[in-house]
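# Structural description and commentary
This is what each chain is made of:
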Amino acid sequence: MSTDPRAGDAAKYVDPEIMAELLTMRSSIDNIDAALVHLLAERFKATQRVGVLKAKHKLPPADPGREKSQIDRLKRLAAEAHLDPDFAEKFLNFIIEEVIRHHQAISEHSPQPQPNDPEAPFDWASQK
C-alpha cells in the first residue's frame, strides 16, 4: 500500500501499476494547481494596485464595460482551448466579484480629500 498523499483512497484497491500511472497524472495536476494559485496571487497583486489607483482618483470599484469585454474575450479563448466557455465565465465572474470587493474595501479605507481642495481628484463615482 502506498503512503503517497496523492494516492488517496485509491491506494487501497488499485493495482500498483495503475496506481503508479495515477500518481504520475496527479503529480501533474498538483503542479498545475500550484501554478494556478501563484498566477491568481499575481493577478490579485495587480488588481490591488488598480484598486489603489481607483480609490486615489475616486473611480468606481466596478467597471461593467471592462468586465463584459473581459468575459467575452475569455469565453472566446476558452472555446479555442476546448474549455467550456460557460465554466470560464463562471470562474471569471467569481474572480471579478472578489476584485470588486477588494476595490470597495480599498476605497473605504482610503483618505478622503478635503472639500474644495483644488488637488482633489474628480469624483467619477458621483457622476450619473
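Calculation criteria
- Residues numbered from 1 in each chain as written.
- Predicted model: local features only at pLDDT ≥ 70, side-chain atom pairs only at ≥ 80, totals over all residues.
- Heavy atoms only, no water.
- Phe/Tyr/Trp six-rings, centres within 6.5 Å; stacked < 30°, edge-to-face > 60°.
- Helix = DSSP H or I, 4+ residues; strand = E, 2+ residues; numbered from the N terminus.
- Buried < 20%, exposed > 50% of the residue type's maximum accessible area, 1.4 Å probe, protein only.
- Expected span 1.5 Å × (residues − 1).
- Contact = heavy atoms within 4.5 Å.
- 1 Å grid on protein atoms, 1.4 Å probe; cavity = no way out; pocket = protein on both sides within 12 Å on 5 of 7 lines; lining within 4 Å.
- Points joined across faces, edges and corners; volume = space filled by probe spheres on them.
- Nonpolar A, V, L, I, M, F, W, Y, C, P; charged D, E, K, R; others polar.

### Section: the packing of aromatic side chains
Per the counting criterion, the structure on display carries one aromatic pair. Between F87 and F91, the ring centres sit 6.2 Å apart and the planes meet at 20 degrees, which makes this aromatic pair stacked. Of this pair, F87 and F91 both sit in helix α3 (residues 85-108), four residues apart, roughly one helical turn. The exposure class assigned to F87 is partly exposed, which follows from its relative accessible area of 45%. Judged by relative accessible area, which is 40%, F91 ranks as partly exposed.

### So, helix α1 (residues 16-56)
Over its 41 residues, α1 runs 59 Å from end to end, which matches the ideal 60 Å to within 8%, given 1.5 Å per residue. At its buried positions, α1 is contacted by α3. K58 sits one or two residues past α1 and shows a positive phi near 55 degrees.

### Observations regarding empty space enclosed by the protein
Counted by the stated rule, this structure contains one cavity of 30 Å³ or more. Space inside the largest cavity adds up to approximately 30 Å³. Contributing to the lining of the largest cavity are G51, K54, A55, L59, P60, P61, H103 and S107. The set of elements that each furnish at least two residues to the lining of the largest cavity consists of α1 and α3. Of the residues in the lining of the largest cavity, the class split is four nonpolar, three polar and one charged.

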